[in-house]
Amino acid sequence: MKVLCIVQARMGSERLPGKVLKPILDKPMIMHVLDRLKKSRYIDEIVLATSQQDEEKPLVEAVQKNGYQVFRGEENYVLKRYIDTYRKYGGDVIVRITGDCPLIDPQIVDHVISYYLTYDYDYVRLDVPETFIRGFDVEVFSSKALEKAYEEVDKMNNESYKEHVTLYMYTNQAKFKVGYVEGQELYNKNYRLCVDTKEDFEVVERVYGHFRDEYVSAKDVVMFLDENVEVARMNSDIIQKY
């Protein structure tokens, strides 16, 4: 059984263009995502999935230079980008991560993968943002579920289903067995650790600047924010875009 992790990222961003290459501790943000995922005990292969646009060239070069695979596909039809990546690299289980989560924790990722493997689900997600902090987001699903979702969505005129890879799966629970991994008290807080805006990036910068450790754990990050409310509040007014 192969576990394939597909990390979606692009240089284009309405609110913070080029964010994936912004440096944190002298390393591009996207490399923090990939290197932290490499610590996973379950993931067999990691592939960055980006678009075919010319603007992605610096991203592609940076990632390939560091030894990671890159797939270039559809820009806006992200579900097709995923199915094409999977069809090239193979895999029985797919892990979906977005490139704007530089504090992604491999232990949390492995916990979600383990939950998926233990039970009879087609799709499992971390319960973000209901009981888990945004920025630790993990989704795990079978390659069969991905194929089924693509086959059905491709016949529709629904841009949301095409852009948001797993939306069709978790909103059609009559067709897919969907599971959620909920967070306990430590993680059930209204913090933002994804990077969509300048304020988001500043929070992550402050976290990394405090620990000076590129592999700082999620638990330590949350405890730091609990003790440094002024940092947590820096991006508390940001509204999440879907």
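First, a word on what this report is: a plain description of the structure on this page. Every value quoted in this text rests on a predicted model; they were computed, and no experiment measured them.

## Observations concerning the packing of aromatic side chains
Reasoning step 1: Within the structure shown, the criterion is met by twelve aromatic pairs.
Reasoning step 2: Here phenylalanine 132 and tyrosine 187 contribute two aromatic rings whose centre-to-centre distance is 4.8 Å and whose plane-to-plane angle is 10°, an arrangement assigned as stacked. Residue phenylalanine 132 is located in the loop between β7 (123-126) and β8 (139-142), and its partner tyrosine 187 is located in the loop between β9 (178-181) and α8 (198-211); the two are separated by 55 residues in the primary sequence. In terms of burial, phenylalanine 132 and tyrosine 187 fall into one category: buried.
Reasoning step 3: Taking 6.1 Å as the distance between ring centres and 90° as the angle between the ring planes, the aromatic pair formed by phenylalanine 136 and tyrosine 187 counts as edge-to-face.

## Looking at the nonpolar core
Reasoning step 1: Among the nonpolar cores identified, the biggest contains 60 residues, and Val7, Ile30, Leu37, Ile97 and Phe136 are the most heavily contacted of them.
Reasoning step 2: For this core, the element with the most residues is helix α1 (residues 29-37), which contributes six residues.
Reasoning step 3: Each residue touching isoleucine 97, except ones within four places of it in the same chain, is listed here: Cys5, Ile6, Val7, Gln8, Val33, Leu37, Tyr82, Ile104, Val109, Asp137 and Val138.

## As for the packing of helix α3 (residues 78-89) against helix α5 (residues 143-153)
Reasoning step 1: Look at α3 against α5: their axes get within 10 Å of each other, and the N-to-C directions meet at 135°. The orientation of α3 relative to α5 falls into the category oblique. The handedness of the crossing between α3 and α5 is left-handed. Between α3 and α5, the residues in contact are Leu79, Lys80, Tyr82, Ile83, Tyr86 and Arg87 and Ser143, Leu146, Glu147, Ala149, Tyr150 and Val153, respectively.
Reasoning step 2: For the contact of α3 with α5, the class distribution of residues is eight nonpolar, one polar and three charged.

Conventions and cut-offs
Counting restarts for each chain: residues are numbered from 1 in the order of the written sequence. The predicted nature of this model means local features are confined to residues of pLDDT at least 70 and side-chain atom pairs, given and counted, to a pLDDT of 80 or more, with totals for whole chains, interfaces and linings taken over all residues. Side-chain numbers come from the whole structure's heavy atoms, not from hydrogens or water. Each Phe, Tyr or Trp ring (for Trp, its six-membered ring) is paired with any other whose centre lies within 6.5 Å, and the angle between the two planes then decides the class: stacked below 30 degrees, edge-to-face above 60, tilted in between. Working definition: helices are DSSP H or I runs of at least four residues, strands are E runs of at least two. Numbering for both runs from the N terminus. Throughout, exposure labels follow a simple rule: accessible area from a 1.4 Å probe, protein chains only, divided by the maximum for the residue type, with under 20% read as buried, over 50% as exposed, and the rest as partly exposed. Among the buried residues, those of types Ala, Val, Leu, Ile, Met, Phe, Trp, Tyr and Cys that are joined through side-chain atoms within 4.5 Å form a nonpolar core. Whether two residues are in contact is decided by their heavy atoms, any of which lying within 4.5 Å being enough. For helices, the fitted axis covers only the stretch in contact; all axes are lines through C-alpha atoms, and the angles between them, taken along N-to-C directions, range from 0 to 180 degrees. Comment on the angle field: the value is read as roughly parallel under 35 degrees, roughly antiparallel over 145, roughly perpendicular from 65 to 115, and oblique elsewhere. A clockwise turn of the near helix away from the far one marks a right-handed crossing, whereas an anticlockwise turn of less than a right angle marks a left-handed crossing. When residues are sorted by character, Ala, Val, Leu, Ile, Met, Phe, Trp, Tyr, Cys and Pro go into the nonpolar class, Asp, Glu, Lys and Arg into the charged class, and all the rest, Gly among them, into the polar class.

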